[in-house]
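Topology and contacts: notes
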Amino acid sequence: MGRTLAEKVWERHVVRRAEGEPDLLYIDLHLIHEVTSPQAFDGLRMAERPVRRPELTIATEDHNVPTVRGPIEDPVSRTQVETLRKNCAEFGIRLHPMGDAGQGVVHIIGPQFGLTQPGMTIVCGDSHTSTHGAFGGIAFGIGTSEVEHVLATQTLPAYRPRTMAVEVAGELPAGVTAKDLILAIIAKIGTGGGQGHIIEYRGEAIRGLSMEGRMTVCNMSIEAGARAGMIAPDETTFAYLKGRPHAPRGEMWDAAVEYWRSLATDEDAVFDTVVEVDASALTPFVTWGTNPGQGAPLGSSVPDPDDTGDPAAARRALEYMGLTAGTPLREVEVDTVFVGSCTNGRLEDLRAAADVLRGRRVVTRTLIVPGSMLVKLQAEQEGLHEVFRAAGAEWREAGCSMCLGMNPDTLAPGERSASTSNRNFEGRQGKGGRTHLVSPQVAAATAVTGKLTAPADLV
Amino acid sequence: MEAFTVHTGRAVPLRRSNVDTDQIIPAVWLKQVSRTGFEKGLFSAWREDPDFVLNDPAHQGASILLAGPDFGTGSSREHAVWALQQYGFRVVIAPRFGDIFRNNSTKMGLLPVVLPASVVEDLQSAVETDPALEITVDLRERRVSWAGRSAGFEIDDYTRWRLTEGLDDIGLTLRNADDIGAYENGRQPWLPTTV
Ligand code: SF4
């Protein structure tokens, strides 16, 4: 029987397999940030263990960093960042600190450097590590104990997850983005639907996505409960990678591409679960509730909790969100718009937002936060920052920012945002804050009208 | 890690589905660099509500959390496990867990027990009727017992062995350091390094 992409990559990384035990899996790349690593380094020190492969490890500062220039005001945040610096120096790990040209959100910088490549295993103490699966590797989030395990051994004991195919037939209509697609997929399979699975996104609409769009899709796999999401590498992948600082060169490049081509799922391979989605039927999608599965087309209304799969949860969500069933989503007023995060903080996302804002004015507080310093530089070379500033939006430094509100960028209690990030959990963007997840295009159009809006609605 | 064999204690019923790790411990608590002191952050937003079940004096001192489906979804923060343990929980029983949370729990010795939704609801009702009800979780037998009833649960042999022995995962892996070295010799030459 043929094998799936996930099975091929997994098998290639099994260091040891024994009856009745999890596989011991080799990890090709370990990404680190300040929040989930300090206790892992402490553990190493206590056991007097070294980092096995510091040269397969890279660190960045992202979650706590302010997105306005200057030092970190919050002493606790500052201590955490300083702890990372101390740990990286002590254990010999490359770090991109605040202000460095290579700094950025951990899931933006891996691909940007060409460190994220097809067929690799990649982990990080961060659930959105699934982003890197867009290149055709197995990438998943781990906890701090596992961070310590990877630092000490460059391996992880793990059971191979089941496989799920999400088959996306047809083409995305004009004005419908990768973000709308993944929000619709999560609404369909539910926040627990992917549990225990690696999702492979397949089909015409997926092949048609840029690498940025593929990363947006894979990024939110965890929001469907799956630990990893992946897409088979193809010409789009190779074109994105070629020439990046850590991509193979010369003969190595040719050998690598030949291998990468062999990774695609075999025609006779069988998935444990198959989900089908028709891309051509999709429209811009937004969330109305407090988990990413509680979403609906922008053209629809806030649902009646009794019409949802979990009425008790929907009632709680509507109460928290301050919404009434039956209200058209286009009439929901927002105070703040956030464009950024590892879901939608790449250059393509900023271009899309700028295209909507060009020549218009925002009526909400609007934060545009590039995912990395390189994205910021490239955006400025294209003059996008001028577009944002002229529209009245704030153009910020790179970081996680309002995606999780660990830095000063937060919502006040009761404030409502349209956000291009990935989680609309209670209090995620600040205590009492209310989040609607949207695409960059919808975020920008919403900033112009102050209500949830698609670009096509603007005159 | 403290070994886990059998635990008997009282329980708290948390009748909510999709309790993500941002609710278990909000992000502001993640700025600490130590591994202790997280009990104050546990469900900190919800605990401001005096009616929240954890604030009910009848449930003080409980060590088993009876949760709803999809407990521990979302962020990978292991702080969620530390907060539950430091508050005094040794077991979480739910119909379904987020994968990363479940993994983190077994690394730390907090036992995640999966039982069918109907059984978890029976347990929640039983505890709501009698908060002093004692529940026994026997990992060796893979069985939860209370008030003359009992239900078996599944957990793989390897994880059960590790937990009942209280073994350190890293130490176990390092016993196979030779295998890791041998694997490293066969890695593809184009794989990147960060230097
Ligand atoms: S941008 Fe948001 S989701 Fe991504 S790594 Fe940062 S906090 Fe996590």
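Residues numbered from 1 in each chain as written. Chains lettered and ligands numbered in written order. Predicted model: local features only at pLDDT ≥ 70, side-chain atom pairs only at ≥ 80, totals over all residues. Heavy atoms only, no water.

Residue and element names in this part refer to chain A. Across the two faces of strand β18 (residues 416-419) the burial is the same, with Arg416 and Ala418 and Ser417 and Ser419 all buried. Pairing of strand β15 (residues 336-339) with β18, which is carried by three bridges, proceeds in the parallel orientation. Residue pairing across strands places Phe338 opposite Ser419, the latter belonging to β18. With four bridges connecting them, β18 and strand β19 (residues 434-437) associate as parallel partners. (Buried < 20%, exposed > 50% of the residue type's maximum accessible area, 1.4 Å probe, protein only. Helix = DSSP H or I, 4+ residues; strand = E, 2+ residues; numbered from the N terminus. Pairing = 2+ DSSP bridges.)

Side chains three or four residues apart in an α-helix point the same way, a direct result of the helix having 3.6 residues per turn. Among the residues of helix α2 (residues 38-47) of chain A, Pro38, Gln39, Ala40, Phe41, Gly43 and Leu44 of chain A are the ones counted as buried. In the core, the buried residues of α2 of chain A are packed alongside β3 (29-33), α3 (75-91) and α5 (144-153) of chain A together with α3 (79-87) of chain B. Within two residues after α2 of chain A, Glu48 of chain A carries a phi angle of roughly 50 degrees, on the positive side. (Contact = heavy atoms within 4.5 Å.)

What follows deals with the interface of chain B and chain A. Listed per partner, the contact involves 59 residues of chain B and 78 residues of chain A. For the pair chain B and chain A, the summed buried surface comes to about 5,600 Å²; carbon and sulfur atoms form 54% of the total. On the chain B side of the interface with chain A, the three residues burying the most area are Lys31, Trp190 and Thr194 of chain B, jointly 15% of the side's total. Across the chain B-chain A interface, the total number found is nine salt bridges. Note that Arg53 of chain A is salt-bridged to Glu184 of chain B, the shortest N-O span being 3.0 Å. If you look at where chain B meets chain A, you find 38 residue pairs in polar contact (both at pLDDT 80 or more). Contributions of two or more residues to the side of chain B that touches chain A are made by α1 (21-24), α3, α4 (99-108), α7 (169-174) and α8 (177-185) of chain B. Here the residues of the side of chain B that touches chain A sort into 20 nonpolar, 21 polar and 18 charged. (Buried area = accessible area lost by both parts, 1.4 Å probe. Salt bridge = Lys/Arg side-chain N within 4 Å of Asp/Glu carboxyl O. Polar contact = N/O pair within 3.5 Å; in protein donor to acceptor, adjacent residues only side chain to side chain. Nonpolar A, V, L, I, M, F, W, Y, C, P; charged D, E, K, R; others polar.)

The next subject is the side chain of Asn407 of chain A. Residues and elements named next belong to chain A. With respect to the helices and strands, Asn407 occurs in the loop between β17 (394-395) and β18. At 2.9 Å, the side chain of Asn407 and the backbone oxygen of Val65 are in polar contact. Ignoring sequence-local partners within four residues, the contact set of Asn407 consists of His63, Asn64, Val65, Pro66, Thr67 and Ser401.

Before going further, it helps to spend a moment on empty space enclosed by the protein. Overall, the coordinates contain three cavities of 30 Å³ or more when judged by the stated rule. Estimated volume of the largest cavity: approximately 220 Å³. Among the secondary structure elements, those contributing two or more residues to the lining of the largest cavity are α4 (106-113) and α12 (341-344) of chain A. Residue composition of the lining of the largest cavity, grouped by class: eight nonpolar, eleven polar and five charged. Split by domain, the residues of the lining of the largest cavity number at least three in each of domain 1 (5-261) and domain 2 (285-453) of chain A. Approximately 60 Å³ is the volume found for the second largest cavity. In terms of lining residues, the second largest cavity is bounded by Thr191, Ile222, Glu223, Asn291, Pro292 and Phe425 of chain A together with Asn18, Asp20, Thr73 and Gly74 of chain B. Two domains each donate at least three residues to the lining of the second largest cavity, and these are domain 1 (5-261) and domain 2 (285-453) of chain A. (1 Å grid on protein atoms, 1.4 Å probe; cavity = no way out; pocket = protein on both sides within 12 Å on 5 of 7 lines; lining within 4 Å. Points joined across faces, edges and corners; volume = space filled by probe spheres on them. Domains from an automatic or database assignment.)

Let's shift gears to the layout of surface pockets. Approximately 970 Å³ is the volume attributed to the largest pocket. Sorting elements by how many residues they give to the lining of the largest pocket places α4 of chain B first, with five residues. Estimated volume of the second largest pocket: approximately 580 Å³. Forming the boundary of the second largest pocket are 26 residues, of which Tyr320, Glu426, Lys431 and Gly432 of chain A together with Ala45 of chain B lie nearest the centre. Looking at the lining of the second largest pocket, the elements that each hand over two or more residues are α11 (311-321) of chain A together with α1 and α2 (44-47) of chain B. Classifying every residue of the lining of the second largest pocket by side-chain character gives nine nonpolar, eight polar and nine charged.

Right, let's get into the nonpolar core. Judged by nonpolar contacts, the single largest core of 88 residues is most densely connected at Leu151, Val166, Val168, Ile185, Tyr201 and Trp260 of chain A. Element by element, the count of residues in this core is highest for helix α6 (residues 178-189) of chain A, at eight residues. Look past the residues within four positions of Val168 of chain A in its chain and what remains in contact with it is Leu181, Ile185, Arg202, Gly203, Glu204, Ala205, Ile206, Val277 and Ala279 of chain A. Counting 79 residues, the second-largest nonpolar core is a separate cluster that includes Cys342, Ala393 and Ala447 of chain A together with Phe89 of chain B. (Core = buried A, V, L, I, M, F, W, Y, C linked by side-chain atoms within 4.5 Å.)

Residues and elements named next belong to chain A. Domain assignment breaks chain A into domain 1 (5-261) and domain 2 (285-453). When each unit is reduced to the centre of its C-alpha atoms, the spacing between domain 1 and domain 2 is 24 Å. Facing 40 residues of domain 1, the contacting portion of domain 2 comprises 40 residues. Summing both partners gives a buried area of about 3,200 Å² for domain 1 against domain 2, and 60% of it is carried by carbon and sulfur. Area buried by domain 1 at its contact with domain 2 is led by Thr67, Ile108 and Lys179, which between them contribute 20% of it.

Moving on to unusual backbone geometry. All names here are of chain A. Not every positive phi belongs to a glycine, and Glu48 is a case in point at roughly 50 degrees. Considering the arrangement of structural elements, one finds Glu48 in the loop between α2 and β4 (57-60). Overall, Glu48 belongs to the exposed group, its relative accessible area being 71%. Located in the positive-phi region is Ser341, a residue other than glycine, with phi close to 85 degrees. With respect to the helices and strands, Ser341 occurs in helix α12.

So, on to the packing of α2 of chain A against α3 of chain A. Residue and element names in this part refer to chain A. For the pair α2 and α3, interaxial distance at closest approach is 10 Å and the crossing angle is 40 degrees. The angle between α2 and α3 places the two elements in the oblique class. For the crossing formed where α2 meets α3, the hand is left-handed. Two secondary-structure elements touch here, α2 through Pro38, Phe41, Leu44 and Arg45 and α3 through Gln80, Thr83, Lys86, Asn87, Glu90 and Phe91. Taken together, the residues of the contact of α2 with α3 sort by class into four nonpolar, three polar and three charged. (Axes fitted to C-alpha atoms, helices over the stretch in contact; angles between N-to-C directions. Parallel < 35°, antiparallel > 145°, perpendicular 65-115°, else oblique. Left-handed = near helix turned anticlockwise from the far one by under 90°.)

Residue and element names in this part refer to chain A. Across the sheet, four strands lie side by side as β11-β10-β9-β12; this open sheet has parallel pairing. The open sheet has two edge strands, β11 (228-230) and β12 (273-278), and neither has a second partner. Across the sheet, the mean angle separating the axes of adjacent strands is 20 degrees when strand polarity is ignored. The sheet contact formed by strand β9 (residues 162-169) and strand β10 (residues 197-202) spans six bridges and is parallel.

The next point concerns the sheet that holds strand β16 (residues 365-368) of chain A. Within a sheet, each strand pairs with its neighbour through backbone hydrogen bonds, oriented either parallel or antiparallel. Residue and element names in this part refer to chain A. Taken together, the five strands give an open sheet; going across it, the order is β17-β16-β15-β18-β19, and neighbouring strands pair in parallel fashion. One side of each edge strand has no neighbouring strand; the edge strands of this open sheet are β17 and β19. Where α11 meets the sheet, it contacts β18 and β19, and its direction lies at approximately 110 degrees from that of β19.

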